[in-house]
Amino acid sequence: MEGQTLNYFAALVNADGIDGLTIAGKGTIDGNGLRFWEEFWLRRKYNPQCTNLEAMRPRLVYMSNCSNVTVQDVSLRNSPFWTNHLYKCHHVKYLGCTIFAPHAPVKAPSSDALDIDFCHDVLVDGCNISVNDDAVVLKGGKGTFVDKDPNNGPNYNVIVQNCNYGFVHGCLTLGSESFQDKNIILRNCNVKQAQRVLWLKMRPDTPQHYEYVTVDNITGYATKFLCVRPWTQFYKLEDRPDMPLSQCNNIVIRNIKMETGNFFDVGLSDKYKLTDFTFENIEVKNKAGQFDPNIITNCTVKNLKVL
């Protein structure tokens, strides 16, 4: 949970060690989260440092150590906390689902649509997503010695395609508790109210490696398109002389036609390096007007129009 190994509440729907689990049909799984959200914001009012773990809110669906999972045509709504959490799962499909939690009038805090945590071979296809946090999030662990803990692990072979996004903080987010992600694809999606399309959260206290991430054929509007920034929430750097340098490499963004407030929100740091990015066949209306590929080592730009 949030990059830590701990005991936590059961979710509304739970599965562990199941091969061939299917949740399908036109029904609704509703977490009835309003009272949980109100209680969380009340805690935050009196203690701004209150964390999700102190509020003790259940998830909607939690699966661990499962394989060959299908969740199809289901509406997953109003989760008190994360909506779907997959831990150590593989060969999972979310097909044609609607995943919703409100951002008004009461915000559903940390209502991530799908947290993929130490998993591989995951397909999210044809889903409608609108939540008051990130949509598809890659987790896996955090901390200076993240790679020494067997409870942490990488995500790889993840495809998100043919989805429609309403209000979300990030359509595809790597982090904030993630250290190795590889072969990740976001494609053929329409965005209406996203704050970010691709968000690479870089923790200065965690050795991270994000590689071979492709974002292809995205339309619509987002406040920001690409966001690469240090992420220091619950920062705790320990002493490690052999601390690896974090990096993002082989990131491909292509076939984009969007309106954005800021297409290129990229910040540099001595804690990570950015190499081998490709921007190709892109037309964006960009209010910020800035795009500086020179801050990325070996950055390729082909047929890019920033209007």
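Residues numbered from 1 in each chain as written. Predicted model: local features only at pLDDT ≥ 70, side-chain atom pairs only at ≥ 80, totals over all residues. Heavy atoms only, no water.

1. Points about the pattern of salt bridges
The tally for this structure, following the rule as stated, stands at 9 salt bridges. With its nearest N and O atoms 2.5 Å apart, the salt bridge here joins Arg43 to Glu39. With a gap of 4 residues between them, Arg43 and Glu39 both fall in helix H1 (residues 34–46), about one helical turn apart. When its relative accessible area of 32% is taken as the criterion, Arg43 is described as partly exposed. For Asp134, the salt bridge goes to Lys201, with nearest N and O atoms at 3.4 Å. In this pair, Asp134 sits in the loop between strand E12 (128–130) and strand E13 (136–138) while Lys201 sits in strand E17 (residues 180–202), placing the two residues 67 residues apart along the sequence. As far as the burial class goes, Asp134 and Lys201 line up, both buried. (Salt bridge = Lys/Arg side-chain N within 4 Å of Asp/Glu carboxyl O. Helix = DSSP H or I, 4+ residues; strand = E, 2+ residues; numbered from the N terminus. Buried < 20%, exposed > 50% of the residue type's maximum accessible area, 1.4 Å probe, protein only.)

2. Quick word on the side chain of Ser130
Examined against the element boundaries, Ser130 turns out to sit in strand E12. A relative accessible area of 17% means that Ser130 is categorised as buried. Excluding residues that lie within four positions of it along the chain, Ser130 makes contacts with Ile99, Phe100, Ala101, Gly166, Phe167 and Val168. (Contact = heavy atoms within 4.5 Å.)

3. Things to note about the pairing of strand E20 (residues 272–286)
Bridge analysis of strand E19 (residues 246–266) against E20 gives 13 bridges, and the strand direction is parallel. Directly across from Val252, in E20, lies its bridge partner Thr278. The pairing of E20 with strand E21 (residues 300–306) spans 6 bridges and is parallel. Bridged to Phe279 within E21 is Val301. (Pairing = 2+ DSSP bridges.)

4. Focus on the pairing of strand E10 (residues 114–117)
Two faces make up the sheet, and in a regular strand the side chains alternate between them. Burial of the side chains of E10 extends over both faces: Leu114 and Ile116 are buried on one face and Asp115 and Asp117 on the other. Summarising the sheet, strand E7 (residues 84–87) and E10 pair through 3 bridges and their orientation is parallel. Each bridged residue has a counterpart across the sheet, and for His85 the counterpart in E10 is Asp115. Pairing of E10 with E13 involves 3 bridges; the strand directions are parallel. Among the inter-strand pairings, Asp115 is bridged to a residue of E13, identified as Val137.

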